[in-house]
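Each chain is listed here by its residues.
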Amino acid sequence: MANFTLELNDEQKQVRDWLHGFASDVMRPAAAEWDEREETPWPVIQEAARIGVYSLDFYARQYFDPTGLGIPLAMEELFWGDAGIALSIVGTGLAAVGVLTNGTEEQIGTWIPQMYGDADQVRVAAFCSSEPDAGSDVGALRTRAVYDEAKDEWVLDGTKTWATNGGIAHVHVVVAVVDPELGSRGHASFVVPPGTPGLSQGQKFRKHGIRASHTAEVVLDGVRVPGDCLLGGKEKLDERLARARERARGGPAGARGGNAAMATFEASRPAVGAMAVGTARAAYEIALDYARTRTQFGRPVIDNQGIAFQLADMRTRIDAARLLVWRASWMAAAGKPFDAAEGSMSKLYAGEVAKDVTARAVQILGGNGFTRDYPVERMHRDAAIYTIFEGTSEIQRLVIARALSGVPIR
Ligand SMILES: Cc1cc2nc3c(=O)[nH]c(=O)nc-3n(C[C@H](O)[C@H](O)[C@H](O)COP(=O)(O)OP(=O)(O)OC[C@H]3O[C@@H](n4cnc5c(N)ncnc54)[C@H](O)[C@@H]3O)c2cc1C
């Protein structure tokens, strides 16, 4: 018998139910307040740290679930609770994955624990890749990292933008150009330790959705970091750059090209899909409940096919999105190659579904859906982010189309 199953194991069910309890009892009731305040919900993060939801240990266990479903299950439940608060809780993970993907064992052991702090002193971390002139076009980064050999230090200069937790983070992970001739192959990632002079927060953005999550510019002005803050180390960087230069000269294609930022984004795409599934499911559940109880023309509005069929479509699309997310997550855990960019597919589809489902939920709630008295209005605003960050929907389509065709489609 083949061992294919979509049945979760006991541990997964236990974690999912535990997170659901936290999302429903702690996050949901706090969601409207922090959305209005547009501030990082420190007390909620602290509570998450106290019970172990915000901890390195928890994320490591989820990350290394051999089925690959640990992270998507966690993301779906937390974002079901509230997307803005959830991003404040999981935003540190993007920086952690940046270190995990590119760092040495020693760097992983040194920096990732510091990103989280502990229940008494919670900390957050930021991953800073995007720049004002380099969003989708990661190859256009301008932030420079120059090596000062005499002092064994790197000097970082530039402006990062859209950084989740940027400026309020204890640890910043910064992607910078070490060799401008090599485009995105000439990038490297650096840890900027807490309190490093020259790093400051620029403008904090006032956003359409996920407003409980802090998003800001990060200015790097002559920031000096020790040599061992280069993720992966100098030797590995020099080897990688040598291979990239050889490739640029038309030499043997032994160089796979280490694009630090893209590697980090690729690893995190199905997780973003799972976030979108969580928001979509939340809005769908509220819409279903409302349609059953709201009476017009002497009958519940769900008695009309026009409403009932919407709910049927919403649920079908949510389930399809989750299956794409689970497939990509399983492939990543099983070491399967993403020949058709299945990770990008899952993020593309789930992001579009979240936008569609939350819009329909607003419609099903009628006037109430349009007010802040009901959470679907906030969920609809929150859902707009899923087709933008971690690569827009257009960029996902580009990645998928290139993977399918082998053609460098533009
Ligand atoms: C709330 C929020 C949090 C974020 N958090 C982080 C973070 O923590 N760290 C980080 O580094 N970044 C972060 N980002 C940045 C995010 O990843 C970028 O906003 C995103 O990659 C898009 O870049 P851009 O905004 O510059 O849009 P642009 O690249 O300017 O795109 C504008 C439009 O053109 C389209 N487009 C661009 N190129 C093409 C093309 N070749 N083909 C077709 N269409 C194209 C895009 O799809 C989009 O519709 C965050 C953004 C937001 C809004």
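Residues numbered from 1 in each chain as written. Predicted model: local features only at pLDDT ≥ 70, side-chain atom pairs only at ≥ 80, totals over all residues. Heavy atoms only, no water.

The protein appears in an unreviewed UniProt entry as Acyl-CoA dehydrogenase from Streptomyces tsukubensis. Under the heading Cofactor (unreviewed entry), UniProt records this for the protein: "FAD". According to the UniProt record, the Sequence similarities (unreviewed entry) comment for the protein is "Belongs to the acyl-CoA dehydrogenase family." (UniProt positions renumbered as here; feature names shortened; annotations may be inferred.)

Let us look at the pairing of strand β1 (residues 125-128). Neither face of β1 is left uncovered, since the one carrying A125 and F127 and the one carrying A126 and C128 both have all their residues buried. Note: β1 against strand β4 (residues 171-177), four bridges, orientation parallel. Residue pairing in the sheet places A125 in a bridge with V171 of β4. (Buried < 20%, exposed > 50% of the residue type's maximum accessible area, 1.4 Å probe, protein only. Helix = DSSP H or I, 4+ residues; strand = E, 2+ residues; numbered from the N terminus. Pairing = 2+ DSSP bridges.)

A word on a negative patch on the surface. Taken together, the side chains of E106, E149, D152 and D228 define an acidic patch exposed on the protein surface. Residue placement: E149 occurs in the loop between β2 (144-148) and β3 (153-164). (Patch = residues over 30% accessible without salt bridge, like charges linked within 9 Å, V, L, I, M, F, W, Y side chains within 5 Å. Areas by Shrake-Rupley, 256 points an atom, 1.4 Å probe, with all protein chains shown as cover. Salt bridge = Lys/Arg side-chain N within 4 Å of Asp/Glu carboxyl O. Lys, Arg positive; Asp, Glu negative; His and termini not counted. Charge placed at Lys NZ, Arg CZ, Asp CG, Glu CD.)

With that out of the way, let us pick up the site of the ligand. Looking at the ligand, there are 21 residues lining it, with F127, S136, W162, T392 and E394 nearest. The contact in question runs from a nitrogen atom of the ligand to an N or O atom on the side chain of S130, over 2.8 Å. Contact between the ligand and W162: a nitrogen atom at 2.8 Å from a main-chain N or O atom of the residue. For the ligand, whose free accessible area comes to 970 Å², the fraction covered by protein is 69%. Broken down by secondary-structure element, the contributors of at least two residues to the shell around the ligand are β1, β3 and α13 (393-405). (Near = heavy atom within 4 Å. Polar contact = N/O pair within 3.5 Å; in protein donor to acceptor, adjacent residues only side chain to side chain.)

In this structure, L78, F79, I89, F190 and Y386 are the most contacted members of the largest nonpolar core, which totals 112 residues. Sorting elements by how many residues they give to this core places helix α8 (residues 260-293) first, with 15 residues. Among all residues touching L78, those that are not within four sequence positions of it are L19, F22, M27, V53, Y59, A86 and V90. (Core = buried A, V, L, I, M, F, W, Y, C linked by side-chain atoms within 4.5 Å. Contact = heavy atoms within 4.5 Å.)

Attention now goes to the state of the cysteines. The final tally for this structure, using the stated rule, is zero disulfides. Unpaired in terms of disulfides, C128 finds its nearest cysteine sulfur in C229, a separation of 14 Å. Note on C128: relative accessible area 0%, which makes it buried. Take C229: its relative accessible area is 2%, and that puts it in the buried class. (Disulfide = S-S within 2.5 Å.)

This part takes up the domain arrangement of the protein. Domains assigned within the protein are domain 1 (10-122), domain 2 (126-249) and domain 3 (260-405). Relative placement of domain 1 and domain 3: their C-alpha centres are 20 Å apart. Interface area, domain 1 with domain 3, both sides summed: about 2100 Å², of which 60% is carbon and sulfur. Put simply, domain 1 and domain 3 have six salt bridges between them. A salt bridge links E76 to R322; the shortest N-O distance between them is 2.9 Å. Only α1 (10-37), α4 (70-81) and α5 (83-102) provide two or more residues apiece to the side of domain 1 that touches domain 3. If one sorts the elements of the side of domain 1 that touches domain 3 by residue count, α5 sits on top with nine residues. Looking at the side of domain 1 that touches domain 3, its residues break down into 15 nonpolar, seven polar and seven charged. (Domains from an automatic or database assignment. Buried area = accessible area lost by both parts, 1.4 Å probe. Nonpolar A, V, L, I, M, F, W, Y, C, P; charged D, E, K, R; others polar.)

With that out of the way, let us pick up the pattern of salt bridges. Summed over all chains, the structure comprises 30 salt bridges. The partner of R211 in a salt bridge is E38, with the nearest N and O atoms 3.7 Å apart. Of this pair, R211 sits in the loop between β6 (199-204) and β7 (215-226) while E38 sits in the loop between α1 and α2 (42-51), placing them 173 residues apart in sequence. Across the pair, E38 and R211 agree in class, each one buried. The partner of D319 in a salt bridge is R322, and the shortest N-O contact between them spans 3.2 Å. With D319 and R322 both in helix α9 (residues 305-334) and three residues apart, this pair spans about one turn of that helix. On the basis of relative accessibility, which here comes to 27%, the residue D319 falls in the partly exposed class. Overall, the relative accessible area of 16% leaves R322 in the buried class. Connected through shared salt-bridge partners, D35, E36, E38, R206, R211, R372, E377 and R381 make up one network.

Close contact between α1 and α4 brings their axes to 8 Å; oriented N to C, the two are set at 20°. Considered as vectors, α1 and α4 are oriented roughly parallel to each other. Pair α1 / α4 crosses with right-handed handedness. Side by side, α1 and α4 meet where Q12, R16, L19, H20, F22, A23, S24, M27 and R28 of the first sit next to L73, A74, E77, L78, W80 and G81 of the second. In terms of residue class, the contact of α1 with α4 is made up of eight nonpolar, four polar and three charged. (Axes fitted to C-alpha atoms, helices over the stretch in contact; angles between N-to-C directions. Parallel < 35°, antiparallel > 145°, perpendicular 65-115°, else oblique. Left-handed = near helix turned anticlockwise from the far one by under 90°.)

A separate point is the confidence of the model for the protein. The predicted coordinates should not be examined in detail at positions where pLDDT is low. Here the protein averages 94 in pLDDT, and 95% of its residues register 70 or above. The model gives residues 253-261 a pLDDT under 50, and that stretch makes 19 contacts with residues more than four places away or in other chains. (pLDDT = per-residue confidence, 0-100.)

Quick look at the pairing of β7 now. Looking at chain direction, β3 and β7 are connected through nine bridges and run antiparallel. The residue of β7 that forms the bridge with K160 is V218. By the bridge criterion, four bridges tie β6 to β7 in an arrangement that is antiparallel. Across the sheet, the residue bridging to K204 is A216, located in β7.

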